[in-house]
Amino acid sequence: MRGEGWPEPADVRFGVAFPDGAGAFAAPASPGGTLELPLEAFLGREGGAAALAAALPAGADFCIRLGRDFVGPALAERRAEPDGAGAGGSGAAEGGGPRGRGAVPAAAEVTARVEAAYLRAAAACRRAADDPALRGRVAAWLLEFPSSIPYGPAARRHLDRALRDLAGLPLAVAFYGADWYSVRVVEGLKERGAALCLLDLPRGPAGLPAIDVATAPLVYVKRWGAGSPETWIPRLEALALRAERLRVLVAAGSSAPEDLLAAADQAAALRRAWAIAAASPAEGS
């Protein structure tokens, strides 16, 4: 985060966040822009990361989204907790009969499988981070906790573990459950140098808090849906004052070409509005 007398303006870039499973990643991207892609896109592509990096316009960078395997242990631990939450509920062991006894090895098997998947995913992430083709091209690694993983002891422990395992990478963490938004979580991210991903979700009954906070030199914003780009510019200006790097991603609703183009158009509108604001003289000058 910036201190007084910060010498350089923030590196601000706009781009499209691709959904999982998108077959092609050639969405419009401006020179000097960014794209959010799933880690699997780099691992399974013919030619590897080098081919994908070569497809980007000059000067553009990546934001790499880490998959569900990275948060699987938090969900597995929650299901195994004795409070009845998660799969099976309190009835799975009701009566103490054979059905209840059988639930223990089944839970242990699931936990072991999920743990192995996490370890493989973390190792793949480290390999990708060390790939010469991606060196200097990855602006952020995004770890997402879906709404199915509420804040609690197991999830908090796993977040701490994942941040330790991925230490040294420019991490952003997105929480899709409102109960994660607490002083304790925000301060914990600051201590570890990880960015709180600022989410702008479609309006719904269980909305997330609208907070703009910089917990790291990286500030990561992810938006869904159309909206006037001008309404976001004052917020981005304030965030840029506290950031070294500001990445603003517009999520495509699906991998359909029309959805990808719509997201690209929204990202371009934000970029144009930002450029106009940056070129305007400051008020009172």
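For the structure, check the block above.
How each quantity is defined
- Residues numbered from 1 in each chain as written.
- Predicted model: local features only at pLDDT ≥ 70, side-chain atom pairs only at ≥ 80, totals over all residues.
- Heavy atoms only, no water.
- Buried < 20%, exposed > 50% of the residue type's maximum accessible area, 1.4 Å probe, protein only.
- Helix = DSSP H or I, 4+ residues; strand = E, 2+ residues; numbered from the N terminus.
- Arc of directions from axis to C-beta.
- Contact = heavy atoms within 4.5 Å.
- Polar contact = N/O pair within 3.5 Å; in protein donor to acceptor, adjacent residues only side chain to side chain.
- Salt bridge = Lys/Arg side-chain N within 4 Å of Asp/Glu carboxyl O.
- Core = buried A, V, L, I, M, F, W, Y, C linked by side-chain atoms within 4.5 Å.
- Pairing = 2+ DSSP bridges.
- Right-handed = clockwise from strand over helix to strand, strands pointing away.
- Phe/Tyr/Trp six-rings, centres within 6.5 Å; stacked < 30°, edge-to-face > 60°.
- Axes fitted to C-alpha atoms, helices over the stretch in contact; angles between N-to-C directions.
- Expected span 1.5 Å × (residues − 1).

Count 3.6 residues to each turn of an α-helix, and residues three or four apart come out pointing the same way. Inspection of helix α6 (residues 183-192) places V185, V186, G188 and L189 among the buried residues, and these make up the whole buried set. The buried residues of α6 occupy an angular sector of 160 degrees when the element is viewed end-on, so they sit on one face. Exposed and facing more than 90 degrees away from the buried side of α6 are V183, R184 and E191. Looking at the buried residues of α6, the elements they touch are α5 (153-165), β5 (171-175) and β6 (195-196).

Secondary-structure assignment places R223 in strand β8 (residues 218-223). Polar contacts involving the side chain of R223 include one to the side chain of D200, which spans 3.1 Å. Discounting chain neighbours no more than four positions away, the residues touching R223 are D200, W232, L249, V250, A251 and L270.

Attention now moves to the pattern of salt bridges. For the structure on display, the rule yields 17 salt bridges. Salt-bridge contacts for D61 lead to R13; the nearest nitrogen and oxygen are separated by 3.4 Å. One end of the pair, D61, is in strand β3 (residues 61-66); the other, R13, is in strand β1 (residues 11-17), with 48 residues separating them in the sequence. Of the residues examined, D61 reaches a relative accessible area of 6% and is grouped as buried. Connected via shared salt-bridge partners are D20, E36, R65, E144 and K222.

This brings us to the nonpolar core. Among the nonpolar cores identified, the biggest contains 87 residues, and W141, F145, F175 and L236 are the most heavily contacted of them. Excluding residues within four positions of it along the chain, W141 makes contact with L39, I64, L66, C125, A128, A129, L169, P170, L171 and A172.

It is worth spelling out the pairing of β8 at this point. The element β8 is extensively covered by neighbouring structure, given that six of its six residues are classed as buried. Every second residue of β8 is oriented toward a common face, with L218, Y220 and K222 on one face and V219, V221 and R223 on the other, all of them buried. Bridge analysis of strand β7 (residues 198-200) against β8 gives three bridges, and the strand direction is parallel. Along β8, the bridge assignment pairs L198 with V221. For β8 and strand β9 (residues 245-251), the ladder comprises six bridges, and the chain directions are parallel. The partner of V219 across the bridge, within β9, is L246. With helix α7 (residues 233-240) bridging β8 and its parallel neighbour β9, the resulting β-α-β unit is right-handed.

Moving on: the packing of aromatic side chains. Under the definition given, this model contains eight aromatic pairs. Judged by centre distance (6.4 Å) and plane angle (55 degrees), the ring pair of F14 and W274 falls under tilted. Of this pair, F14 sits in strand β1 while W274 sits in helix α8 (residues 257-279); the two residues are 260 residues apart in sequence, bridging distant segments of the chain. The same class applies to F14 as to W274, namely buried. Between the aromatic rings of F175 and W180, the centroid separation amounts to 4.4 Å while the plane-to-plane angle is 10 degrees, which identifies the pairing as stacked. For F175, a relative accessible area of 0% gives the class buried. Judged by relative accessible area, which is 1%, W180 ranks as buried. The rings of F145, Y151, F175, W180 and Y181 are connected pair by pair, giving a single aromatic cluster.

Read from one edge to the other, the open sheet built from nine strands follows the order β6-β5-β4-β3-β2-β1-β9-β8-β7, with strand pairing classed as parallel. Taken across any chain shown, the strands that pair with only one partner, and hence form the sheet edges, are β6 and β7. Pairing of β1 with strand β2 (residues 34-38) involves three bridges; the strand directions are parallel. Looking at the pairing, V16 lines up with L35 of β2. Sheet strands in contact with α8 are β1, β8 and β9, and its direction is about 165 degrees off that of β1.

On to α5, then. Compared with an ideal rise of 1.5 Å per residue, which puts 13 residues at 18 Å, α5 spans 18 Å between its outermost C-alpha atoms and is within 8% of the ideal. All buried positions along α5 are accounted for by A154, A155, H158, L159, A162 and L163. Seen along its axis, α5 keeps its buried residues to an arc of 165 degrees; they face one direction.

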